[in-house]
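Reading the structure
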Amino acid sequence: MKFLRDPLVHFVVVAALVFGAHAVWQARSARTESTISVSASELERMAALYTSEAGALPGEADMAAMLSDHVRDEALAREARRLGLDRNDTIITRRLAQKMTFMVSDLQEDPIPTEQDLRDWHTAHPDRFTQPATLTFSHVYFSPNVHGAEASPAAETALARLSGFNPPDSATLGDPFMLQRQYGDIPFRELARQFGGAFAESLSTLPVSDDWQGPVASAYGVHLVQITKSTPAKLSQFEDVAPEVRKDWLEQTRRDANEQAIQDIIARYEVVIEGLD
């Protein structure tokens, strides 16, 4: 029985076992690849999706159609992978990266902030918890389409009437305007969005007064304005916005943790760019 102790025999036996195991694995893998299994949970998912979209439970014909589509898609996807069509495809790469990003996010556990953490966050990011400056005003509009180059002179004439003895009702002056004639507590950012940045900037320099002021140019034309209220920007007290502070802290903490996890994944790979040393 000396041959049993021969290293060559050991090598042959081990090689045979490895070859046999590999053959079994290949056979099972081939069977798996050639078998499209549809689980009960997948059927339930199809039925639930149909119900949410159609508002009724699927019938036998509906389930058969969905099952046929599922098998069709799965067979074509497997054949495409077998042919290597999934390689060097930007859309597939981006979709896989997106799914991995979602997985990384799902694996992260939300930390529990202390009150001091939240107070520090509130202090460090005042712009996120500041109530914007607002303005309350009325305006009279003069359209360049109606007055042409005389829009500003027309506004000045109307201003003289509004500033004089027994002034007319402002609603009887000017031209029709597509938006509002009065605005209450409108933030300057929204004012700039609607009328243009130059108009918002001009109004920010005018005083609160019962008097009409102007003319002021906007993206639409020329206006007379009556500013009745101006509220400066104000940082909200922590106690008044604590839930918002906590939400903002958690969202940023999640983003930071997710980005760090992604950077850790990237660090596992060596990046080689052709043409760069």
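Remember, predicted model here, so these are calculated numbers, not experimental data.

A few words on helix α9 (residues 197-204). The α-helix advances 3.6 residues per turn, and as a result positions three or four apart in sequence lie on the same side. Of all the positions in α9, only Phe199, Ala200 and Leu203 are classed as buried. Take α9 and look down its axis: the buried residues cluster within an arc of 95 degrees, on one side only. In α9, the exposed residues that point more than 90 degrees away from the buried face are Ala198 and Glu201. On its buried face, α9 is in contact with β2 (134-142), α8 (188-195), β4 (213-217) and β5 (222-231).

This next bit is on the packing of aromatic side chains. All told, the structure shown has nine aromatic pairs when counted by the stated rule. Seen in terms of ring centroids, Phe177 and Phe195 are 5.7 Å apart; in terms of plane orientation they differ by 15 degrees. Their pairing is stacked. With a gap of 18 residues between them, Phe177 in the loop between α7 (151-163) and β3 (182-187) and Phe195 in helix α8 connect regions that are remote in the sequence. The burial state of Phe177 is the same as that of Phe195; both residues are buried. Ring geometry for Phe177 and Tyr220: centres 5.3 Å apart, planes at 90 degrees, overall edge-to-face. With Phe177 in the loop between α7 and β3 and Tyr220 in the loop between β4 and β5, the pair connects residues that are 43 residues apart, well separated along the chain. The exposure class assigned to Phe177 is buried, which follows from its relative accessible area of 13%. Joined through ring pairs, the aromatic side chains of Phe137, Tyr141, Phe177, Tyr183, Phe195, Phe199 and Tyr220 make up one cluster.

To continue, consider the pairing of β2. When a strand is regular, its side chains alternate between the sheet's two faces. The buried fraction of β2 amounts to nine of the nine residues, a majority that puts the element mostly inside the structure. Covered by surrounding structure in β2 are Thr134, Thr136, Ser138, Val140 and Phe142 together with Leu135, Phe137, His139 and Tyr141, the residues of both alternating faces. Bridge analysis of β2 against β3 gives four bridges, and the strand direction is antiparallel. Within the sheet, the bridge partner assigned to Ser138 lies in β3 and is Gln182. Direction of pairing for β2 relative to β5: antiparallel, over a ladder of nine bridges. The partner of Phe137 across the bridge, within β5, is Ile227.

About the criteria used
Residues numbered from 1 in each chain as written. Predicted model: local features only at pLDDT ≥ 70, side-chain atom pairs only at ≥ 80, totals over all residues. Heavy atoms only, no water. Buried < 20%, exposed > 50% of the residue type's maximum accessible area, 1.4 Å probe, protein only. Helix = DSSP H or I, 4+ residues; strand = E, 2+ residues; numbered from the N terminus. Arc of directions from axis to C-beta. Contact = heavy atoms within 4.5 Å. Phe/Tyr/Trp six-rings, centres within 6.5 Å; stacked < 30°, edge-to-face > 60°. Pairing = 2+ DSSP bridges.

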